[in-house]
Amino acid sequence: MKNIFFVGLTLVFLCFRITPVTAQLPAERESHHTIVFENKDIRILEGRVPPHDTTVAHTHSANGVVVFLSPSRFAIQPVGGQPVISSVQPGDLKYVTYGDKPVNHLVWAEGEPVFHFFVVELKGRQGAMDTKPLPDQAGCKFLWQQPLVGAYSVELGKGEGCRIPSADGAYLVIAISGGGKISAAGKSSTLQVNGFRFFPAHTALGIETDGKEGVRCVLLAVKAN
């Protein structure tokens, strides 16, 4: 009877040891990720990984866009796989299909500075975008189109501005560098570096510099629900 009792305790102990390793931790519960915005169309996770630090293994399960905010060299390693080391600059962005194929991975920063990024998760229903890509204009350049999102680069010199027309989709503007202002529905607000503004569907935007320097932004046109 004693042997059976101790065997039972050993199995219980092993179960508690194995569970933390095999369970998958959602990205929003991983300590280096923070939810900074969420509505019916998108959710934004802000990631900050200090130099030479490593995240806990965590899972991403939504299609979206990763927008890099720091000049960084970093590594991503799928659990059970080999690490891939990359270098990025502020304003680089990547479309990820984590909703189609969820990933469970670790991320670490290879060196200075803090590895800083946004993960913009898309909540729109699958299907073609509601609108055609915005036409190119001075300062606003089309980058790429995916089923739920289109990406643009906005680069304005001192004293310049651009207008983004109203559309069936929503807009997310992320400031990468410089100083600028953004206006919509008769209201104006300041664009701060590494800050963002979300605008619902059927909103026209005006983006301009603050008169002291140029401004660079990432503009995402998001399919609205």
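Structural notes, computed from the coordinates. Keep in mind that what you see is a predicted model, and the values were worked out from it rather than measured.

**As for the overall build of the protein**
Consideration 1: When you go through the protein residue by residue, the secondary structure sums to one helix and 18 strands.
Consideration 2: Counting only contacts in the protein whose residues sit at least 6 apart along the sequence, the fraction spanning at least 24 positions is 73%.

**Comments concerning unusual backbone geometry**
Consideration 1: Following glutamate 112, the chain continues into proline 113 via a peptide bond in cis, with omega recorded as -10 degrees.
Consideration 2: Locating proline 113 in the fold gives a position in the loop between strand S8 (103-109) and strand S9 (115-122).
Consideration 3: At alanine 185, a residue that is not glycine, the phi angle is positive and equals roughly 55 degrees.
Consideration 4: Relative to the helices and strands, alanine 185 is located in the loop between strand S14 (180-184) and strand S15 (187-191).

**Examining the pattern of salt bridges**
Consideration 1: According to the stated counting rule, one finds five salt bridges in the structure shown.
Consideration 2: A salt bridge links glutamate 121 to arginine 43, with the shortest nitrogen-to-oxygen separation between them at 2.8 Å. Residue glutamate 121 is found in strand S9, and its partner arginine 43 is found in strand S2 (residues 42-49); the two are separated by 78 residues along the sequence. Comparing glutamate 121 with arginine 43 shows no difference in burial state: the two are buried.
Consideration 3: Connected via shared salt-bridge partners are Glu28, Arg43 and Glu121.

**Digging into the pairing of strand S5 (residues 72-78)**
Consideration 1: Note that S5 and strand S6 (residues 84-88) share five bridges and pair antiparallel. From the neighbouring strand, isoleucine 76 faces S6, where its bridge partner is valine 84.
Consideration 2: Hairpin remark: S5 followed by S6, antiparallel, with five residues in the connecting loop; positive phi at glycine 80, about 85 degrees.
Consideration 3: Where S5 lies against S8, five bridges are found, and the strand directions are antiparallel. Bridging across to S8, alanine 75 finds its partner in tryptophan 108.

**Quick notes on the packing of aromatic side chains**
Here the distance between the centres and the angle between the planes together describe a pair of aromatic rings.
Consideration 1: A complete count under the given rule lists nine aromatic pairs for this structure.
Consideration 2: Measuring from ring centre to ring centre gives 5.9 Å for phenylalanine 37 and phenylalanine 196, while their planes differ by 75 degrees; the resulting arrangement is edge-to-face. Pair noted here: phenylalanine 37 is in strand S1 (residues 33-38) and phenylalanine 196 is in strand S16 (residues 196-199), with a separation of 159 residues, a long-range link.
Consideration 3: Members of the aromatic cluster, each reached through a chain of ring pairs, are Phe37, Phe118, Phe196 and Phe198.

**Description of the side chain of glutamate 30**
Consideration 1: For glutamate 30, the position within the fold is in the loop between helix H1 (2-22) and S1.
Consideration 2: Buried charge without a salt bridge: glutamate 30, with arginine 29 as the nearest opposite-charge side chain at an N-O distance of 11 Å.
Consideration 3: A polar contact is formed between the side chain of glutamate 30 and the side chain of histidine 32, at a distance of 2.8 Å.

Conventions we followed
Residues numbered from 1 in each chain as written. Predicted model: local features only at pLDDT ≥ 70, side-chain atom pairs only at ≥ 80, totals over all residues. Heavy atoms only, no water. Helix = DSSP H or I, 4+ residues; strand = E, 2+ residues; numbered from the N terminus. Contact = heavy atoms within 4.5 Å. Salt bridge = Lys/Arg side-chain N within 4 Å of Asp/Glu carboxyl O. Buried < 20%, exposed > 50% of the residue type's maximum accessible area, 1.4 Å probe, protein only. Pairing = 2+ DSSP bridges. Phe/Tyr/Trp six-rings, centres within 6.5 Å; stacked < 30°, edge-to-face > 60°. Lys, Arg positive; Asp, Glu negative; His and termini not counted. Polar contact = N/O pair within 3.5 Å; in protein donor to acceptor, adjacent residues only side chain to side chain.

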